[in-house]
Amino acid sequence: DAGITQSPRHKVTETGTPVTLRCHQTENHRYMYWYRQDPGHGLRLIHYSYGVKDTDKGEVSDGYSVSRSKTEDFLLTLESATSSQTSVYFCAISEAGAGFSGAFFGQGTRLTVV
Amino acid sequence: SQQGEEDPQALSIQEGENATMNCSYKTSINNLQWYRQNSGRGLVHLILIRSNEREKHSGRLRVTLDTSKKSSSLLITASRAADTASYFCATDSRSATNKLIFGTGTLLAVQP
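Residues numbered from 1 in each chain as written. Chains lettered and ligands numbered in written order. Predicted model: local features only at pLDDT ≥ 70, side-chain atom pairs only at ≥ 80, totals over all residues. Heavy atoms only, no water.

Digging into the nonpolar core
Residues and elements named next belong to chain B.
- Core analysis: the biggest nonpolar cluster contains 21 residues, and Met21, Leu32, Trp34, Leu74, Ile76, Tyr87 and Leu108 have the highest contact counts within it.
- Per-element accounting of this core gives the leading share, four residues, to strand β3 (residues 19-25).
- In this view, Tyr87 contacts Glu6, Met21, Tyr35, Arg36, Leu46, Leu74, Ile76, Gly105, Thr106 and Leu108; residues no more than four positions away in its chain are not counted. (Core = buried A, V, L, I, M, F, W, Y, C linked by side-chain atoms within 4.5 Å. Buried < 20%, exposed > 50% of the residue type's maximum accessible area, 1.4 Å probe, protein only. Helix = DSSP H or I, 4+ residues; strand = E, 2+ residues; numbered from the N terminus. Contact = heavy atoms within 4.5 Å.)

Quick look at the structure:
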């Protein structure tokens, strides 16, 4: 899986609590992405990063923040989890950016907010 | 909003038949990509076609792109049971380069 590790793989949390998901890569790729996947919606881009400390919003960024202090780590934080954020979250990486090459995906994190 | 929409949403065929999936998108693109997702797994990149290309082949996969109609098709020839998966198109638009936006996917079931 192209050296991408997502952690945790599964998490159950309560409404209103903060949650941080981690994506770690060993490929030294410049671009990193966070998506959520929900039935009927396919994958929707939350945030992405084009370098250390360089991030931008995606289609569904409300309620989410990200940080990238090192090339290899991209963190997704739900400041105050809501039930609507129950989803499967995927991290992806790309060497030259989606504009030039395909992306490699992690195995996903299943998050349940109760 | 979703950039790409796949059609059909679900497709069931017999082994050995060809499977065709279509993708329509909304804005001008740099490239269009197709991915496969097996149940419970991450997505796997299959093929990329650039906006100045009309057709591309990779093994049993054939992708076409019609930028005038803002549409693409993925053909899988001589399908196998192992091809059973969800297939997604993804676009990299000119107005937002490197923001890879996915469609809603086609669920393909290949019956042995």
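Moving on from the coordinates now.
Remarks on the packing of aromatic side chains
- Under the defined criterion, the tally for this structure stands at ten aromatic pairs over all chains.
- Aromatic side chains Tyr33 of chain A and Tyr48 of chain A sit 5.7 Å apart centroid to centroid with 15° between the ring planes, which places their arrangement in the stacked category. With Tyr33 of chain A in strand β4 (residues 31-38) and Tyr48 of chain A in strand β5 (residues 42-51), this residue pair connects regions lying 15 residues apart in the sequence. The same class applies to Tyr33 of chain A as to Tyr48 of chain A, namely buried.
- Arranged with centres 5.7 Å apart and planes meeting at 80°, the rings of Phe105 of chain A and Tyr35 of chain B form a pair that is edge-to-face. Remark: Tyr35 of chain B occurs in strand β4 (residues 29-37) and Phe105 of chain A occurs in strand β10 (residues 104-105); the pair is interchain, linking two chains. (Phe/Tyr/Trp six-rings, centres within 6.5 Å; stacked < 30°, edge-to-face > 60°.)

Concerning the interface of chain A and chain B
- Taken residue by residue, the interface counts 26 residues in chain A and 23 residues in chain B.
- The tally of links between chain A and chain B comes to zero salt bridges.
- Linking chain A with chain B are five residue pairs in polar contact (both at pLDDT 80 or more), by the criterion used here.
- Mapped by element, the contributors of at least two residues to the side of chain A that touches chain B are β4, β5 and β6 (54-57) of chain A. (Salt bridge = Lys/Arg side-chain N within 4 Å of Asp/Glu carboxyl O. Polar contact = N/O pair within 3.5 Å; in protein donor to acceptor, adjacent residues only side chain to side chain.)

Considerations on the environment of Ser80 of chain A
Residue and element names in this part refer to chain A.
- Mapped onto the fold, Ser80 is located in the loop between β8 (73-78) and β9 (87-94).
- Spatially, the C-alpha atoms of Ser80 and Glu27 are 31 Å apart, while their sequence positions differ by 53 residues.
- Setting aside residues no more than four positions away along its own chain, Ser80 makes contact with Gly16, Thr17 and Gln85.
- At 3.5 Å, the side chain of Ser80 and the backbone oxygen of Gly16 are in polar contact.

Structural notes on the sheet that holds strand β6 (residues 55-58) of chain B
Residues and elements named next belong to chain B.
- Strand order across the open sheet formed by five strands is β1-β3-β8-β7-β6, with antiparallel pairing between neighbours. Of all strands in the sheet, those bounded by a partner on one side alone are β1 (4-7) and β6. Within this sheet the neighbouring strands show an average axis-to-axis angle of 15°, counted without direction. (Pairing = 2+ DSSP bridges. Axes fitted to C-alpha atoms, helices over the stretch in contact; angles between N-to-C directions.)

Details of the sheet that holds strand β3 (residues 19-25) of chain A
Residues and elements named next belong to chain A.
- Spatially, β1-β3-β8-β7 is the arrangement adopted by the four strands of the open sheet, whose pairing is antiparallel. Whereas interior strands pair on both sides, the edge strands pair on one side only; in this sheet they are β1 (4-7) and β7 (64-70). If you compare each strand with its neighbour and ignore which way they point, the axes differ by 15° on average.
- Where β3 and β8 come together, six bridges link them in antiparallel fashion. From the neighbouring strand, Arg22 faces β8, where its bridge partner is Leu75.

So, the state of the cysteines
- Per the stated rule, a full pass over the model turns up two disulfides over all chains.
- A sulfur-sulfur separation of 1.9 Å characterises the disulfide bridge that pairs Cys23 of chain A with Cys91 of chain A. On the sign convention where negative is left-handed, the bridge of Cys23 of chain A and Cys91 of chain A, at about -70° about the S-S bond, is left-handed. Here Cys23 of chain A is found in strand β3, whereas its partner Cys91 of chain A is found in strand β9, with 68 residues between them in sequence.
- According to the relative accessible area criterion, Cys91 of chain A is buried, its value standing at 0%.
- Disulfide pairing places Cys23 of chain B opposite Cys89 of chain B at an S-S distance of 2.0 Å. Because the torsion about its S-S bond is 65°, the bridge between Cys23 of chain B and Cys89 of chain B counts as right-handed. In this pair, Cys23 of chain B sits in strand β3 while Cys89 of chain B sits in strand β9 (residues 85-93), placing the two residues 66 residues apart along the sequence.
- By relative accessible area, which is 1% here, Cys89 of chain B ends up buried. (Disulfide = S-S within 2.5 Å.)

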